[in-house]
Structure formats: structure tokens, C-alpha cells
Amino acid sequence: MEPDKTGKIFVISGPSGVGKSTIVRGAGGVVEKTGIPVCVSATTRPQGKTEVNGKDYWFITRDEFEQKIENEEFLEYAKVFDNWYGTPKKEVEDRLAKGQSVILEIDTQGGLSVKTLYPDATVVMIFILPPSNDVLQQRMSKRGRETDVDSQIAHKRLKNASNEIAMAWQHYEHMVINDVLENAINEITGIIKTETGENKE
Ligand code: 5GP
């Protein structure tokens, strides 16, 4: 059983509060189940209390971010809710060169940029939907991080969610509803394993 030697980029997006990180990086989540790592992005956003530098994000200054743009270190970068986020190019390219896959947990702007950079077969676009708008609102208000940052940001995140969902229906091949966590994890794991050739009939 010779594994498929072509690496793929799995773009996973979804509105904030939908449970993306838990699905992808949490215990028993997609990374654990597939063995495919998430590429750690750089951001200018302030570090949350429970976040670890180099694991959740590389937390860098605006100047450092600009320097990286200038040095062309990003595969893509975008402004999301007044902060900048960027995907390190080298890590992604190194993995693809070795025939290994990588997961990018990025917004829809980033997803679309990545999609235009590679052949269709290389990029798999997965979007996570909330079961309903009400549930998304509840999850966002329970999340905690917004309460100690800025309620205006929380409001923006909610507004942005509907734009992202509309965009996703047009450009993402896989729409996964996060109603029951385990089901969402299994569904995404199944999509990834099918794409990497691990799920064979
Ligand atoms: P958060 O601040 O909640 O961690 O992330 C805010 C949004 O930025 C999320 O939709 C997240 O997926 C997105 N994001 C994180 N890293 C990147 C990145 O490197 N590029 C882009 N375009 N979006 C990112």
C-alpha cells in the first residue's frame, strides 16, 4: 500500500465561535485523528490568556509583521477584525515538497488566496457551519475572550460571520455542520482521509 505522495493543503474555515479550534486542534480532534499538523500562523492580535506562543499563533508586532510581508515570508495574509494574520510560506512549501499534507485554519479571504496559488487538486476547502445563527450567537457570547477584549470586536465577529458563510457557499467544496462535536470531527477526518487516499474501498 504505497501512500499517495502528493501532499495536499486542507483549508479549514468557519465563523469565529463555531468551534474550529476544538474540532481541529482539540483532544481527539482532526489533527490527532489524521496525523496532519496545522500550520501555525503569525498574528498581530494580542495573545489570549490561555494561548501559547508558537502553538496557537506566533504573536508578533505590527513592525515584525510588515517585515515578514516585505521578505515575502507569507503564503497569504489578511486583515481580520482589525488585526493581521499570515500563513508562513516556508512551512507549507516544505511539507508539500516532501509529499506531506498540511492543515490551514484560516479565514475565507485567506482560503481564497491559497486556492488561487495552487492547482485545484492540491487545495481542499472545508467550511464549518454552526447549526443555526442562534447557536452561533450563544457560543460566541460564552467564549470568554471577547468579554475581556472589546465588545465591539464581538459585534464585528458576528456581522462578519454571515459574510463568511455566504462566501463559503460559493467557494468551499465541503460544508460541515458542527452540531455534535464528534460528528463534525469524524466528517472532516473522513474528507481528509479520502483526499489523501487513506480511505480506500
Ligand atoms: P482568532 O483571532 O479568533 O484566532 O482568528 C480570527 C480569524 O482569523 C479566524 O477566522 C481564523 O481562522 C483567521 N486566521 C487565523 N490565522 C490566519 C491566517 O494565517 N490567515 C488568514 N487569512 N486568516 C487567519
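Residues numbered from 1 in each chain as written. Predicted model: local features only at pLDDT ≥ 70, side-chain atom pairs only at ≥ 80, totals over all residues. Heavy atoms only, no water.

A word on the pairing of strand E4 (residues 74-80)
By the criterion of burial, E4 is predominantly enclosed, with five of the seven residues buried. Both E4 and strand E5 (residues 83-88) contribute to a ladder of six bridges, which runs antiparallel. What sits directly across from Lys 79, in E5, is Trp 84. (Buried < 20%, exposed > 50% of the residue type's maximum accessible area, 1.4 Å probe, protein only. Helix = DSSP H or I, 4+ residues; strand = E, 2+ residues; numbered from the N terminus. Pairing = 2+ DSSP bridges.)

Description of the site of the ligand
Surrounding the ligand, one finds 17 residues, the nearest of these being Ser 41, Arg 45, Tyr 57, Glu 76 and Tyr 85. Within the side chain of Arg 45, a nitrogen or oxygen atom sits 2.5 Å from an oxygen atom of the ligand. At 3.3 Å from an oxygen atom of the ligand is found a side-chain nitrogen or oxygen belonging to Thr 87. Protein burial of the ligand: of its 510 Å² of free accessible surface, 96% is covered by the chains. Those elements that provide at least two residues to the shell around the ligand are E4 and E5. Here the shell around the ligand is built from residues that sort into five nonpolar, four polar and eight charged. (Near = heavy atom within 4 Å. Polar contact = N/O pair within 3.5 Å; in protein donor to acceptor, adjacent residues only side chain to side chain. Areas by Shrake-Rupley, 256 points an atom, 1.4 Å probe, with all protein chains shown as cover. Nonpolar A, V, L, I, M, F, W, Y, C, P; charged D, E, K, R; others polar.)

Quick word on the environment of Phe 10
Mapped onto the secondary structure, Phe 10 falls in strand E1 (residues 9-13). Along the backbone, Phe 10 and Val 124 are 114 residues apart, and their C-alpha atoms lie at a distance of 4.9 Å. Not counting residues up to four positions away in its chain, the partners in contact with Phe 10 are Ile 36, Ser 101, Val 102, Ile 103, Leu 104, Val 124, Ile 126, Ile 192, Glu 195 and Thr 196. (Contact = heavy atoms within 4.5 Å.)

Notes on helix H4 (residues 89-97)
Along H4, the residues that are buried comprise Val 92, Arg 95 and Leu 96. Mapping the buried residues of H4 onto a view down its axis gives an arc of 100°, with all of them on the same face. Exposed and oriented more than 90 degrees from the buried face of H4 are Lys 90 and Ala 97. Among the structural elements, E1, E4, E5 and strand E6 (102-105) are those in contact with the buried residues of H4. (Arc of directions from axis to C-beta.)

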